[in-house]
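In case you want the letters, here they are:
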Amino acid sequence: MALPAAQCSWGLLLIFVFFMGFSCTDGASTLPHHNYCIIGAGPSGLQMAYFLQHAGRDYVVFERSHAPGSFFALYPRHRKLISINKRHTGKSNSEFNLRHDWNSLLSHDSRLLFRHYSHDFFPEADTMVRYLEDFASMMELQVQYNTAIIHVRLERDSQAWNGHYFILTDHNSQNYRCSLLLVATGTWVPNVVNFPGSEYVEGYESVSINPEDFAGQSVLILGRGNSAFETAENILGVTNFIHMVSRSRVRLSWATHYVGDLRAINNGLLDTYQLKSLDGLLEGDLEDLAIVKDKKGKLHITLKFYLENSNSSAGAESITLPQDELDNFATRAPYDRVIRCLGWKFDFSIYNRSLRLMPGKGNKKKYPLIKPSYESRGTQGLFVLGTASHSIDFRKSAGGFIHGFRYTTRAVHRLLEHRHHGVPWPSSVYPITQLTNSIIKRVNEASGLYQMFSVLGDIILLRENAAAFEYLEEYPVGILAELELHTGRKAHNGLFVVVMEYGKNFSGADKDVFYYNRAVGEAQHAWQSNFLHPVIYYYKQLPTVREMSLRPPDWPLPRPDAVHHIVEDFLTDWTAPNAHILPLRRFLENCLDTDLRSFFAESCFLFALTHQKLPPFCQQGYMRMQGLVGNKRLRQHAVEAGLLEDHTVTHFTDELLGGQRGSRDQLLKDHVIPSSPLHYLVTTKDEL
């Protein structure tokens, strides 16, 4: 009887195992799946969603809140943005106007320009929330609201795009499977410094924003960024005094040319400090501080060193304070409140170790470690967008802000389109005679080059014999060595890279950016330009990965075969014929060993008779019967402008009209075209 019972048990076990295996397999196959998963419906998440939707890709956006832009629903606490909304520029070019619109996302709908939402130069944060809601709604983006992703892990699968899937788990334990993960959560976890007495510190995220709550109080603020000065500005007129302490010195954005440093809209406390109106700034390492509270509730600043040498059970009155030994100690006055305003950091907690999403080093540790392509260094197929991707250009460019990351997000989308869908990077092909004009047009209009200076660049790929070129816009120059891999374009015949740069030694917290003769106006000194200006790099061949890695830290690109600076311009209008266009054209001609000027048909005719190699304009136009057709009016204009000599045979016209025609040989003998015009055309370099 035991045998049948055993057989029955084994049978039940096999059925159970089979059922469980079937259930697990069936469950995995029925997980909601998307090719692209975006975490976060803030500006960068919505921007990527727009590009994916426009390309017809399968995607979803997970947003923890009930509406997009949840960060802006809370911050800044005092509701005034520091991103400018310049509604009028005097120009109608929409691309140029985006240079001075720091809030709009990129789209095909002109109704979604931020200037239609606010007239304020510094808009209200609530307006940004409304704008993002309209953007998601009008573009019909696929956003799944009220879905907080609390865990992300990898699932190995050889059939997946990158050899693995991303498994996302939400707050309801629902799992989602994604081929590629785009992290657009920003930085929203408050930076906190723990020291003895830090429990008495109020956080920026929760402190009162009602100035009356601070009336007649003495306040210490920890931090020295925009949130710290924003908080101080709000209570400046009601407090006894405000002191501000931080490890680093004040960095003013107009000195560093970094938009994330202290903006003028918030720096009222600098006036009251320098004009000795009780408020002040101090430097010190916050980790060395300690706060003790006396019986009256007053907060005293001391050093951790004094606490370590005191009886931990002793009252505040018995603890040695710095002023006990140094009676003019700067912070000897007690405070009523201490407020922490130390900014934000990325939330690493939801990512499983298998993703190897690691923080950066030094002052970039608040951001995840990523490549210049914005892909995680630890996991292929995981890209970081928006503010969280700012480690690429921290304290250098605008990649942590809407007016910068709207362009880096577009660049990431173009990389993905080629990698996973075989769509080459968008480009245009032009004859080489249009090279100067193409560069001038872009440096005068392009917003991506202007805002993401030294990070995004236009790539000009030369065709064989430099007869034509292919123009690629706003490519991340940090991955220039891998251009062919990421774009599907070939760089066999040399290339130009167009970027915007500030002067090498002009920006910095300790720089005097208002010194006399700070601007350069002469074209021959263009390389000394201080303000933002175009720089063109020429390479005979694509730089290697090693060359990119060995470039100096402050260089966006490795040493080129030739480089040209277009001199800075007060109006940022690089269209001056002699100061901007002519030096650029000569530089291009020297690199290509050709003549890029345009010529009249008569000039091309003379070149054809006397030169083996014609200028490209003549090759592509006149010799193919596509040149400018001459006529009496045009010829007369050329003569008057000194571009041609007058060869009209006036005394012979009447004979021809009268029907008395000499022989062809006699005409050529009697009226030989002089050679002096040819000499003029070949030697002059002033023809524009």
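Residues numbered from 1 in each chain as written. Predicted model: local features only at pLDDT ≥ 70, side-chain atom pairs only at ≥ 80, totals over all residues. Heavy atoms only, no water.

- The chain is annotated in an unreviewed UniProt entry as FAD-dependent oxidoreductase domain-containing protein 2 of Gopherus evgoodei.
- Its UniProt record, at the heading Subunit (unreviewed entry), says of the chain: "Interacts with SEL1L. May interact with OS9 and DNAJC10. Interacts with TXNDC16."
- Entered under Cofactor (unreviewed entry) in the UniProt record, the comment concerning the chain runs "FAD". (UniProt positions renumbered as here; feature names shortened; annotations may be inferred.)

1. Digging into the overall build of the chain
Here is step 1 of the chain: Summing up its helical and strand segments, the chain has 22 helices and 22 strands in all.
Here is step 2 of the chain: Counting contacts in the chain only where the partners sit at least 6 residues apart, residues at least 24 apart contribute 66% of the total.
Here is step 3 of the chain: Here the chain displays about 34600 Å² of accessible surface, and carbon together with sulfur accounts for 52% of that area. (Helix = DSSP H or I, 4+ residues; strand = E, 2+ residues; numbered from the N terminus. Contact = heavy atoms within 4.5 Å. Areas by Shrake-Rupley, 256 points an atom, 1.4 Å probe, with all protein chains shown as cover.)

2. Here's the deal with the packing of aromatic side chains
Here is step 1 of the chain: Tallying each qualifying case throughout the model produces 29 aromatic pairs.
Here is step 2 of the chain: Judged by centre distance (4.7 Å) and plane angle (50°), the ring pair of Phe62 and Tyr176 falls under tilted. Of this pair, Phe62 sits in strand 2 (residues 59-62) while Tyr176 sits in strand 6 (residues 175-183), placing them 114 residues apart in sequence.
Here is step 3 of the chain: Overall, the relative accessible area of 2% leaves Phe62 in the buried class.
Here is step 4 of the chain: Seen from their ring centres, Phe453 and Tyr502 are 5.2 Å apart, and the 80° between their planes marks the pair as edge-to-face. In this pair, Phe453 sits in the loop between helix 13 (447-451) and strand 18 (456-462) while Tyr502 sits in the loop between strand 20 (495-501) and strand 21 (533-539), placing the two residues 49 residues apart along the sequence. (Phe/Tyr/Trp six-rings, centres within 6.5 Å; stacked < 30°, edge-to-face > 60°. Buried < 20%, exposed > 50% of the residue type's maximum accessible area, 1.4 Å probe, protein only.)

3. Some words on the environment of Leu596
Here is step 1 of the chain: Along the chain, Leu596 falls in the loop between helix 16 (577-592) and helix 17 (601-610).
Here is step 2 of the chain: For the pair formed by Leu596 and Thr436, sequence separation is 160 residues and the distance between their alpha carbons is 8.0 Å.
Here is step 3 of the chain: The contact partners of Leu596, leaving out residues within four places of it in the chain, are Ile432, Thr433, Thr436, Arg585, Leu588 and Glu589.

4. Overview of the nonpolar core
Here is step 1 of the chain: Counting 88 residues, the largest nonpolar core has Leu168, Leu182, Leu480 and Val497 as its most contacted members.
Here is step 2 of the chain: With residues up to four places along the chain from it excluded, the contact list for Leu168 reads Cys37, Ile39, Phe62, Ile149, His151, Val152, Gln174, Asn175, Tyr176, Cys178 and Leu181.
Here is step 3 of the chain: If you look at the next biggest cluster of nonpolar residues, it comprises 28 residues, including Ala446, Phe469, Val498 and Leu584. (Core = buried A, V, L, I, M, F, W, Y, C linked by side-chain atoms within 4.5 Å.)

5. Re the packing of helix 2 (residues 43-54) against helix 5 (residues 125-138)
Here is step 1 of the chain: Across the interface, helix 2 lies against helix 5 with an axial gap of 11 Å and an inter-helix angle of 20°. The angle between the axes of helix 2 and helix 5 places the two elements in the roughly parallel class. Helix 5 is crossed by helix 2, and the crossing has left-handed handedness. Here helix 2 contributes Pro43, Leu46 and Tyr50 to the contact with helix 5, which in turn contributes Leu132, Phe135 and Ala136. (Axes fitted to C-alpha atoms, helices over the stretch in contact; angles between N-to-C directions. Parallel < 35°, antiparallel > 145°, perpendicular 65-115°, else oblique. Left-handed = near helix turned anticlockwise from the far one by under 90°.)

6. Considerations on the packing of helix 12 (residues 435-445) against helix 16
Here is step 1 of the chain: Look at helix 12 against helix 16: their axes get within 10 Å of each other, and the N-to-C directions meet at 130°. The angle between the axes of helix 12 and helix 16 places the two elements in the oblique class. Crossing angle aside, the handedness with which helix 12 passes helix 16 is right-handed. Contact residues: Leu435, Thr436, Ile439 and Ile440 in helix 12; Ile581, Leu584, Arg585, Leu588 and Leu592 in helix 16.

7. Structural notes on empty space enclosed by the protein
Here is step 1 of the chain: Following the criterion strictly, the structure yields 3 cavities of 30 Å³ or more and no others.
Here is step 2 of the chain: Its boundaries defined by the atoms lining it, the largest cavity holds a volume of some 40 Å³.
Here is step 3 of the chain: The residue makeup of the lining of the largest cavity, split by class, is 5 nonpolar, 3 polar and 2 charged. (1 Å grid on protein atoms, 1.4 Å probe; cavity = no way out; pocket = protein on both sides within 12 Å on 5 of 7 lines; lining within 4 Å. Points joined across faces, edges and corners; volume = space filled by probe spheres on them. Nonpolar A, V, L, I, M, F, W, Y, C, P; charged D, E, K, R; others polar.)

8. Quick look at the environment of Phe71
Here is step 1 of the chain: Tracing the backbone shows Phe71 in helix 3 (residues 70-74).
Here is step 2 of the chain: Residue Phe71 is classed as partly exposed on the basis of its relative accessible area, which comes to 28%.
Here is step 3 of the chain: For the pair Phe71 and Thr187, spaced 116 residues apart in sequence, the C-alpha to C-alpha distance is 9.3 Å.
Here is step 4 of the chain: With residues up to four places along the chain from it excluded, the contact list for Phe71 reads Thr187, Trp188 and Trp344.

9. With respect to the side chain of Asp101
Here is step 1 of the chain: As for its placement among the helices and strands, Asp101 is situated in the loop between helix 4 (94-97) and helix 5.
Here is step 2 of the chain: The side chain of Asp101 sits in the buried core without any salt bridge; Arg406 is the nearest counter-charge, 4.6 Å away.
Here is step 3 of the chain: Only 2.4 Å separates the side chain of Asp101 from the side chain of Ser104, close enough to count as a polar contact.
Here is step 4 of the chain: Sequence-distant contacts of Asp101, that is, excluding residues within four places in its chain, are made with Ile84, Leu113, Phe114, His403 and Arg406. (Lys, Arg positive; Asp, Glu negative; His and termini not counted. Salt bridge = Lys/Arg side-chain N within 4 Å of Asp/Glu carboxyl O. Polar contact = N/O pair within 3.5 Å; in protein donor to acceptor, adjacent residues only side chain to side chain.)

10. Some points on the sheet that holds strand 18
Here is step 1 of the chain: Judged by pairing direction, the sheet is antiparallel, and its 6 strands sit side by side in the order 17-19-18-20-21-22 without closing on themselves. A single partner strand is all that each edge strand has here, and the edge strands are strand 17 (427-431) and strand 22 (562-565). The mean angle between the axes of side-by-side strands here comes to 20°, regardless of whether they run parallel or antiparallel.
Here is step 2 of the chain: Across 4 bridges, strand 18 lies against strand 20 in antiparallel orientation. Bridging from a neighbouring strand, Ile459 pairs with Val497 of strand 20.
Here is step 3 of the chain: Contacts between helix 12 and the sheet are confined to strand 17, strand 18, strand 19 (468-476), strand 20 and strand 21, with strand 19 contributing the most and set at about 20° to the helix. (Pairing = 2+ DSSP bridges.)

11. Focus on the sheet that holds strand 8 (residues 202-203)
Here is step 1 of the chain: Read across the sheet, 5 strands follow the order 8-14-9-10-11 without closing on themselves; strand pairing throughout is parallel. Taken across any chain shown, the strands that pair with only one partner, and hence form the sheet edges, are strand 8 and strand 11 (280-283).
Here is step 2 of the chain: In the sheet, strand 9 (residues 218-222) pairs with strand 10 (residues 241-246) via 5 bridges, with the strands oriented parallel. Looking at strand 10, one finds that Ser218 is bridged to Phe241.
Here is step 3 of the chain: Strand contacts of helix 6 (residues 226-235): strand 9, strand 10, strand 11 and strand 14 (337-340), with the helix running at about 175° to strand 10, the strand carrying the most contacts.

12. A few points about unusual backbone geometry
Here is step 1 of the chain: Here Tyr75 and Pro76 are connected by a cis peptide whose omega angle stands at -5°.
Here is step 2 of the chain: Mapped onto the fold, Pro76 is located in the loop between helix 3 and helix 4.
Here is step 3 of the chain: Even without a glycine there, the phi angle at Arg395 is positive, about 60°.
Here is step 4 of the chain: Within the fold, Arg395 resides in the loop between strand 16 (382-384) and helix 11 (402-421).

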